[in-house]
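# Tertiary structure, described
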Amino acid sequence: QVQLVESGGGLVQPGGSLRLSCAASGSAFSLNTMAWYRRAPGKERVVVATITSGRSANYADSVKGRFTISRDNAKKTVYLQMNSLTPEDTAIYYCYAVDARYFAYWGQGTQVTVSS
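Residues numbered from 1 in each chain as written. Predicted model: local features only at pLDDT ≥ 70, side-chain atom pairs only at ≥ 80, totals over all residues. Heavy atoms only, no water.

Right, let's talk about the pairing of strand β4 (residues 31-39) for a bit. It is a general feature of regular strands that their side chains alternate between the two faces of the sheet. Of the pairings in the sheet, the one linking β4 to strand β9 (residues 91-99) comprises seven bridges and is antiparallel in character. Counted as the bridge partner of A35 is Y96 from β9. Both β4 and strand β5 (residues 45-51) contribute to a ladder of six bridges, which runs antiparallel. Considered in β5, the bridge of W36 is made with A49. (Pairing = 2+ DSSP bridges. Helix = DSSP H or I, 4+ residues; strand = E, 2+ residues; numbered from the N terminus.)

Quick look at the structure:
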């Protein structure tokens, strides 16, 4: 069983930056794809960015050029650097991971609020 723990959320002004982290623990299996999703108020959860174990990354159109996903395989940690934040980025951000057995796991979520 894998536990994913997110950190780094908070309140930031428009144009600001935040860095989210998600650390995995509880399993000896390696992690394949890791990702960040978000759920804005009144909307469904959607994918923000994904990264493979080989560090190949993909992004939602809405965050391309502003967000960067990265990972440290040795630490089983995935990061999301978020720059040029706008109020539309306000959401609960969730970490997601798939292990070598193709079991999927979710973090508990971390709130990001962009407001002046």
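What follows covers the pattern of salt bridges. Scanning the entire structure with this criterion turns up four salt bridges. The partner of D89 in a salt bridge is R38, and the shortest N-O contact between them spans 3.0 Å. Placement of D89 in the loop between β8 (77-82) and β9 and of R38 in strand β4 is noted, with a sequence separation of 51 residues between them. Of the two residues, D89 and R38, neither departs from the other in class, the shared state being buried. Of the charged contacts in the structure, one is a salt bridge between D89 and R66, with a shortest N-O distance of 2.7 Å. Taken together, the residues D89 in the loop between β8 and β9 and R66 in the loop between β6 (57-59) and β7 (67-72) connect sequence positions 23 residues apart. (Salt bridge = Lys/Arg side-chain N within 4 Å of Asp/Glu carboxyl O. Buried < 20%, exposed > 50% of the residue type's maximum accessible area, 1.4 Å probe, protein only.)

With that settled, consider the side chain of T90. Within the element layout of this structure, T90 appears in the loop between β8 and β9. Within the structure, T90 has its side chain in polar contact with the backbone oxygen of P87 (distance 3.0 Å). In terms of polar contacts, T90 uses its side chain to reach the backbone amide nitrogen of V114, at 2.9 Å. Apart from the residues lying within four places of it in its own chain, the contact partners of T90 are A40, P41, Q111, V112, T113 and V114. (Polar contact = N/O pair within 3.5 Å; in protein donor to acceptor, adjacent residues only side chain to side chain. Contact = heavy atoms within 4.5 Å.)

Okay, the nonpolar core next. If you look at the biggest cluster of nonpolar residues, it comprises 29 residues, and the most contacted ones within it are W36, L80, M82 and Y93. Only β3 (18-25), β4, β5, β7, β8, β9 and β11 (110-114) provide two or more residues apiece to this core. (Core = buried A, V, L, I, M, F, W, Y, C linked by side-chain atoms within 4.5 Å.)

So, on to the state of the cysteines. Counted according to the given criterion, the structure contains one disulfide. C22 shares a disulfide with C95; S-S distance 2.0 Å. Disulfide C22-C95: torsion about the S-S bond near -85°, hence left-handed. In this pair, C22 is assigned in strand β3 and C95 in strand β9, connecting sequence segments 73 residues apart. Each member of the pair, C22 together with C95, is buried. (Disulfide = S-S within 2.5 Å.)

It is worth spelling out the environment of Q3 at this point. Looking at the element boundaries, Q3 is found in strand β1 (residues 3-7). Note: C-alpha distance between Q3 and T86 (83 residues apart in sequence) is 30 Å.

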